[in-house]
Every structure is written in structure tokens, then in C-alpha cells.
Amino acid sequence: MLTVRLPDGSSRAYDEPVSIAEIARSIGPGLAKAALAGRVDGELVDISHVVEADAAVAIVTDREADGLEVLRHSCAHIMAQAVQRLFPEAQVTIGPVIDDGFYYDFAYSRPFTPEDLAAIEQAMAEIVKEDLSVERQLLERDDAVQLFRDMGEHYKVEIIESIPSDEPLSFYRQGEFIDLCRGPHVPNTGKFKAFKLTSVAGAYWRGDSKREMLQRIYGTAWPNSKELRLHLRRLEEAEKRDHRKIGKQLRLFHFQEEAPGMVFWHPKGWTIYQVIQSYMKQAQDANGYLEINTPQLVDFSLWEKSGHAAKFSEEMFTVESDNRHYAIKPMNCPCHVQVFNQGLKSYRDLPMRLAEFGSCHRYEPSGSMHGLMRVRNFVQDDGHVFCTEEQIQSEVAHFMDFLFAVYRDFGFDEVLLRLSTRPEKRVGADELWDRAEDALRQALDATGREWELVPGEGAFYGPKIEYSLRDCMGRLQQCGTIQVDFFTAERLGAQYVAEDNSRRTPVMLHRAALGSFERFIGVLLEHYGGELPTWLAPVQAVVMNITDNQAKDCKKIEQTLKNKGFRGISDLRNEKIGLKIREHEMQKTPWLLVVGDREARSGTVSVRKRGGNDLGVMTIEECCERISADVARYGRGAPVALAGGKPNESEALTR
RNA sequence: GCUCGCAUAGCUCAGGAGGUAGAGCACUUCAUUGGUAAUGAAGAGGUCUCCGGUUCGACUCCGGAUGUGAGCACCA
């Protein structure tokens, strides 16, 4: 006799051990059919799993995230089976689930082509139609190695051999295909209604760039074709919002061969850049930062002293001149220490918060560059806090308050926090790390927000917190960071005089809120699809005439806008109003002001807000007040078109 | 850096047995002075990314370089 408790709080009693499938069947035939897996006391299992004692049991279907994962994982197996039917020499390796889909890596003599993908998809449909049952079995390690060796699956053999010998090895078989896998999997291959192979690319075996390159095929799977369609639509939407595309369309910046990975900012793009920078200047100033500026070119010896040369000399641009060896700075911190080092500092000077919009160059690997998101020349909203160990926690808390306020103004409410703790290779005593990690942990807890622990991912000189923004496409964009550094200040001889008159080395906190301006602007452009909130829009308002008669009136209004501090222009071209409206809508200008004879006579403007919202005729004063209110809102609560097609909340737009 | 693509007018893209090219938009000129997402007409615009090779002849085929895209690796 055993009792299972179901998620709705009810219980069911069974006379003898029962499988998940049987439990589902006893609840209802619909659920039995939909069951993909089960959850027993929180652990995900196959539906063939037999429950032998009292437990909390849930039937997992594709209506929940876990079920979808099982579905996708099984879909990866179907793909592998299809590949081996078509290409018997292809060896299977690993095939995990990723966001929205899955991939599987194969070793094969040549790369797969798009035509191959189509054929593989066909073969997958065939396997689905065959409705093969998927069976789990356990094998002894030696038998498993023998089995896969006989099949010529050398990568699988390597995987099996790398699994600790005390762990049971489970395998899943469907038809002629068998794969080492932890599971769970769907009970049969007939469960798939909507899947698609999306792309193919190389990937290193075991993620190691020194090892051979495999062929990775990406795919996606969904409970039904409608959701698959929606997903593909989201991908299209993301492509439309690609900041490289928007940058071209809105004439914000360009790249060219002669300066790979470095941005040519055009007037409108540079306006956005400047607006953000002056916002940050003001925000940092209000938060006790002292802005400084340090050299671009610094003798290589400083980078040797700071320890960067040893680790990153390959990634630094260098210059020979005057019989001297310089590096173009890849980061600002050593220079900030030089500023700190001028004049004897007292504990009373701490915390000292130095900030710099410092232009840095890094020789990034060619394959890693990506529009504005990863460039070789960028400017960080960089800052270094020199403080005592006791001040770490309050300084981190201070920074986070600042950071969240900044993000809110840019229209990001959801921030993911991650704490990276000591890596294996590190400097500094363990007790120092204990205290620093504790300080970060406490600062994180004090925010009342959720955060994630990433063990072992800290920098060699100290633990760090990273802040990722959730953009409107649901993607995470890592922007901010704060890192504790026990190392650099000491290496570069920074000291302060403590209360007891002893000389001590300050702790350094490296921090940035936006990260790099380049990347952050890329994130903004994609988040807003180019429709920047008015405070960031390079052109906030365009005044346009209907005929030449109103040219003077337009000029006057343009001047009024400028006097009030708005970025306004007038468009007096001899073109029809429809064309001007169209062009400025396409340039995503938030405020369009039309002046015809009627408005000119009454000293008014006809106002249209971006997106085709006609606000009617109003006085110029009222119009300015509205723009003013719009600017003052920053990006807070700015309506953002969500992927999947939620309509804009135009009410908020027009207010 | 690695694997596989791609590179044609300012932009988006066609094209061709290997015989030096075309569209739409943008641009220029002319006409048009108009009411909220494209007024009409005409014109100009190209070493087909660069360097080699094959060939009577290469934008087209082959090799390399550079840039770029997807993914991997990297990211102080």
C-alpha cells in the first residue's frame, strides 16, 4: 500500500508499486496521453519509472518548462538517429537542451549543408511516424564501453570513460538507435508535432579550442505548430531589431575595413552617446564620484608592474616610439592607481571613488567581434573605489542603489544578479576571500533581490558581481559589474595612512554600470527596436511645413524648441507632408509637429506622436510642456513592443 | 583564433557557358506649393573587396589576403 500526493493537494492510494504512466492513466486518459515524464519528490523521471513508496508525484507534460525540456532533449536524440540513418559514419557525441531548443554535435568527415538539414528533418519526421518506443536500460561500464567501441562511437567511449565508475550508466534505445543519456525521455518517438532544424556550425569537442572541431546542428521543438511559428516570428523580430541594421537605417554609426572593430559615430549616433555620457556624468557626480582622465598611451612597464602584461600582452595594441615601448591602454585601473598615488592619502580620504569615461583598446579575437556589442575600441563608464576592507560591503551596496536607479531610467526593470566566487588559480589568503565574498553576499541579500551563485568564476584577484539586463526579447545582456581586487593596489604601491598611523594598502573595487557605451547603445537599440525614449532620441522633434508659406513659423518654433533645450530640427523641404511624415516616422522621431496655414495663423502646431498617434492641434507652449514631461519620464515604464506581439500600450506613449 | 558561408551602385538585392552588368529606393535636375507613412518626369552613378593563378579573354573558375555573418573558443 502506498500513497502518492499530487500537485493539486489530493492523494491517491495504490496497492502495489505503480509507474508514472499508470498513475497518469488512473487520473485520466487525456493526461496519460499528454504525459512526457514524471516528477517524484522533485526529481524528474521517465513515465516508466515505478513509484515504490509514498511520494509527491507530478505528471509532467509539455505545458510546463520541464516537460518542454524533456521534449527537446528527446528531439535531439531523434535528430541523432536521423543523422546516423543518413550518414552511418557520423559519430554522435553530446546533444543537450538549450534555451528554446537543442543541439547535437557530430563528428563527420565533412560539414553538413542546408540540404543535409532538410534531409535530416525528413528522416526525423519518418522516425516520428514510426512511433518507436523509447526504452531506458542500465549497462555495466565495461559492457557499455565495449558496445560503443564496437559501434565505432569513439567519442561516446571517451564520455563513458570519463564518468566516475560508481555512477550508474543509463542508456536510451529507440529502434536501432541507442545513446548514453541521463534522461528522462519521452516514452515514444511519436510525441513530436512541431520541430525544425535551424542551423549548423562548427563547435569544439568538449569546448576545447585545442581539440578537433565537430559539426553542431541546432534545432528547436515546441508542443504544437502554433508555438513553433510564434518562436520563428520572435527570431524574425529579433533580426529586425538587430542594432547593426538599425544603426544603418537611422544613420547612427558605421564600421569599415580600415578600422575593424572600431566605430565611426555619425551625428545622430554620437548625440545618443553624448546624452548617455552626460547623464552618467551627472549621476556619478551626485553619487560621490570624482571624474578624472588618464593617458591613452602608457609605457609597457606599467602593464608589467600591474600584472596585465603577463596575462594579456597578446591582447594589447602596442606602439614603438622614441625608443620606448608603449601599450594603448586596455583598461583604466592602473592609471587610476597612479592618480590615487599622488600625495599621501589618509584613511579619512576613503572611500575614494574615481571615475573615468576611458577609451580602451583591446585586440579582441577576430571571430568574437559583433557590431557594437564586442569592439576593439570602447569607452567604459569605468570607476574604481579605493576603500578599506570594512567598507567593501557598504560601497557595494552604494553602487547597487546607484546601478538600479540608472537601469530604471534606461527602461530596464529586470536585472539578474550573479556572484562569482574564488577560482582555483587566485592570489590572496583564503580568509581575505572569505571576508570579501561575505561582504558581497551581504550586500546582495540587502537588496532583497534574488541572486545566483557562480562558484569558481571570480577573477584571480577577487570575487565579483555581474549584472545582466533582461531586454524586451527576453535575452540577458551582461552590462554592469563590481569586482573586489586585493591585488592591483598592492602591486602598484597604493597606500594610505590608517588611524593607528600605519601604512595600509586599500582594497580596490572595479565597477561599471553600463559596461561599455558602445555595447550599451547596442543593447538599447535592440531593446527599443530603435524607438528610443524621447530623452535619448537624437532628434526629439521635427517641425515641418505644409507649404513654403509657413517656413518662417517653423524656424521660429524650431528655435523655441532649442531654447527649451530640446533637440529639434525643421524640415522645410519642398515635399508633400505625407512624405515628410513617412520619413520621420521611419527615422523614429518621437515628436512630429506640423504647421500649415491654419496653425500659423493661430500660433499653434498640429502634433503627432511617433507611431501615428494624432494628438491634435495645440499651442506651442502646451506642446513643449508635453515634450518636457516625456523627456522627464526617461525610459521608466516606457512601453516596449514585446516579442510575440503584445500591442504597445499607446496610452502611456501619448501622455 | 577555429569551422562553414558571404563580399556586385550610397542602401536592399538581381544576374550571367568565361566575352567588363541590372532593378527598386536614395542622389541630381526640372515641373509641382501640397494637410499626417512614398507627386510626376528626366539624368547621373560600378576597376563587380584586394592580390595572385588558369585562360586569347576572369566580376564569374582556382588559391591567398582583408572585411563580414552564424556558431565555437576567448572576454582583464
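Note that the structure is predicted; figures quoted are calculated from it, not measured.

Engineer: Outline the sheet that holds strand E32 (residues 541-545), listing residues and values.
Structural biologist: Across the sheet, 5 strands lie side by side as E33-E32-E34-E35-E36; this open sheet has mixed pairing. Two strands bound the open sheet, and with one partner strand each, they are strand E33 (568-571) and strand E36 (613-619). Mean inter-strand twist for the sheet, computed between neighbouring axes without regard to direction, equals 25°. The pairing of E32 with strand E34 (residues 591-595) spans 5 bridges and is classified as parallel. For valine 543, the partnering residue across the bridge sits in E34 and is leucine 593. Along the sheet, helix H18 (residues 577-586) makes contact with E32, E33, E34 and strand E35 (604-609), crossing E32 at roughly 170°. The strands touched by helix H20 (residues 620-632) are E32, E34, E35 and E36; relative to E36, the strand with the most contacts, the crossing angle is about 130°.

Engineer: Describe the domain arrangement of chain A, and please don't skip the residues or the numbers.
Structural biologist: The assigned domain composition of chain A is domain 1 (2-61), domain 2 (67-223), domain 3 (265-295 + 343-528) and domain 4 (541-632). Using only C-alpha atoms to locate each centre, domain 2 and domain 4 end up separated by 60 Å.

Engineer: I'd like to hear about the environment of arginine 376, residue by residue, with values.
Structural biologist: Mapped onto the secondary structure, arginine 376 falls in the loop between strand E23 (352-361) and strand E24 (377-387). Not counting chain neighbours up to four residues away, the residues in contact with arginine 376 comprise Pro260, Gly261, Met262, Phe317, Cys360, His361, Arg362, Tyr363, Glu364, Pro365, Ser366 and Met369.

Engineer: Quick one: what's the story with the protein's contact with RNA strand B, residue by residue and with numbers?
Structural biologist: Taken together, 51 residues surround RNA strand B, and among them Tyr204, Asn574, Arg582, Glu599 and Ser606 come closest. Here, RNA strand B places atoms within 4 Å of the protein, and 49% of those atoms are sugar or phosphate. Within the side chain of arginine 244, an N or O atom sits 2.8 Å from a phosphate oxygen of RNA strand B. Measuring from a sugar or linking oxygen of RNA strand B, one finds a side-chain N or O atom of glutamate 257 at 2.9 Å. Of all the secondary structure elements, the ones that give two or more residues to the surface near RNA strand B are strand E14 (194-204), strand E15 (213-222), helix H8 (243-249), helix H11 (308-312), H18, helix H19 (597-602) and E35.

Each value, and the rule that gives it
Residues numbered from 1 in each chain as written. Chains lettered and ligands numbered in written order. Predicted model: local features only at pLDDT ≥ 70, side-chain atom pairs only at ≥ 80, totals over all residues. Heavy atoms only, no water. Pairing = 2+ DSSP bridges. Helix = DSSP H or I, 4+ residues; strand = E, 2+ residues; numbered from the N terminus. Axes fitted to C-alpha atoms, helices over the stretch in contact; angles between N-to-C directions. Contact = heavy atoms within 4.5 Å. Domains from an automatic or database assignment. Near = heavy atom within 4 Å. Polar contact = N/O pair within 3.5 Å; in protein donor to acceptor, adjacent residues only side chain to side chain.

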